[in-house]
Amino acid sequence: MYIVHSMVHVPKGKADEVIAIYQNRSRLVDTFEGFESFHLLQNEKRPEELTVHMQWVDKSAYMKWVTSEAFKHVHDLEKNYPDQELAAIVPKVSKYQVVAT
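Residues numbered from 1 in each chain as written. Predicted model: local features only at pLDDT ≥ 70, side-chain atom pairs only at ≥ 80, totals over all residues. Heavy atoms only, no water.

1. What about the pairing of strand β3 (residues 49–56)?
Part 1 of the argument: Within β3, 8 of the 8 residues are buried, which leaves it mostly tucked inside the rest of the structure.
Part 2 of the argument: Bridge count for strand β1 (residues 2–9) against β3 is 8 bridges, and the pairing is antiparallel. Note on β3: the bridge partner recorded for serine 6 is valine 52.
Part 3 of the argument: In the sheet, strand β2 (residues 35–42) pairs with β3 via 7 bridges, with the strands oriented antiparallel. What sits directly across from histidine 39, in β3, is histidine 53.
Part 4 of the argument: As consecutive antiparallel partners, β2 and β3 are separated by 6 residues. (Buried < 20%, exposed > 50% of the residue type's maximum accessible area, 1.4 Å probe, protein only. Helix = DSSP H or I, 4+ residues; strand = E, 2+ residues; numbered from the N terminus. Pairing = 2+ DSSP bridges.)

2. Re the pattern of salt bridges
Part 1 of the argument: If you walk through the whole model with that rule in mind, you get 4 salt bridges.
Part 2 of the argument: Residue lysine 14 pairs with glutamate 85 through a salt bridge whose shortest N-O separation is 3.2 Å. With lysine 14 in the loop between β1 and α1 (15–23) and glutamate 85 in helix α4 (residues 84–87), this residue pair connects regions lying 71 residues apart in the sequence.
Part 3 of the argument: The exposure class assigned to lysine 14 is buried, which follows from its relative accessible area of 18%.
Part 4 of the argument: Across the pair aspartate 30 and arginine 27 runs a salt bridge, and its minimum N-O distance is 3.6 Å.
Part 5 of the argument: Judged by relative accessible area, aspartate 30 falls into the partly exposed class, the value being 28%.
Part 6 of the argument: Residues participating in the shared-partner salt-bridge network are Arg25, Arg27 and Asp30. (Salt bridge = Lys/Arg side-chain N within 4 Å of Asp/Glu carboxyl O.)

3. With respect to the sheet that holds strand β4 (residues 92–97)
Part 1 of the argument: What the 4 strands build is an open sheet, ordered β2-β3-β1-β4; its pairing is antiparallel. One side of each edge strand has no neighbouring strand; the edge strands of this open sheet are β2 and β4. Each neighbouring strand pair of the sheet contributes to a mean axis angle of 15°, computed without reference to strand direction.
Part 2 of the argument: Across the sheet, α1 is in contact with β2 and β3; its angle to β2 comes to roughly 165°.
Part 3 of the argument: On top of the sheet, helix α2 (residues 59–66) reaches β1, β3 and β4; it is set at about 115° to β3, its chief contact. (Axes fitted to C-alpha atoms, helices over the stretch in contact; angles between N-to-C directions. Contact = heavy atoms within 4.5 Å.)

4. Topic: the packing of aromatic side chains
Part 1 of the argument: Evaluated as defined, the whole model comprises 8 aromatic pairs.
Part 2 of the argument: For the pair phenylalanine 32 and tryptophan 56, a centre-to-centre distance of 6.4 Å together with 75° between the ring planes defines the contact as edge-to-face. Placement of the pair is phenylalanine 32 in the loop between α1 and β2 and tryptophan 56 in strand β3, with a sequence separation of 24 residues.
Part 3 of the argument: With 5.4 Å between their ring centres and 80° between their planes, phenylalanine 35 and tryptophan 56 make a pair best called edge-to-face. Note that phenylalanine 35 is positioned in strand β2 and tryptophan 56 in strand β3, a separation of 21 residues in sequence. A single burial state applies to phenylalanine 35 and to tryptophan 56, both of which are buried.
Part 4 of the argument: Members of the aromatic cluster, each reached through a chain of ring pairs, are Tyr2, Phe32, Phe35, Trp56, Tyr62, Trp65 and Phe71. (Phe/Tyr/Trp six-rings, centres within 6.5 Å; stacked < 30°, edge-to-face > 60°.)

Spelled out as structure tokens, the structure:
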């Protein structure tokens, strides 16, 4: 199993806007081979800290996703957010190989 976290700090007062974007996401990844789950997490103490948690069957499946046309399409959409302050946010990405369950 392979886990990918993408954490962002959104500007104060904009967390709900970002959450709404993810609630209405394209879901292209959901049907991608090897994809297992997606969760958007909000830090309870710092609500402007949001983390996308994605679970994959293995690293190979994730790598196929990030090199796919579907991935490129999804991330091109992000560049076109009407709110350029949100479009400019760069996530901190962490990747984990699950070694025990």
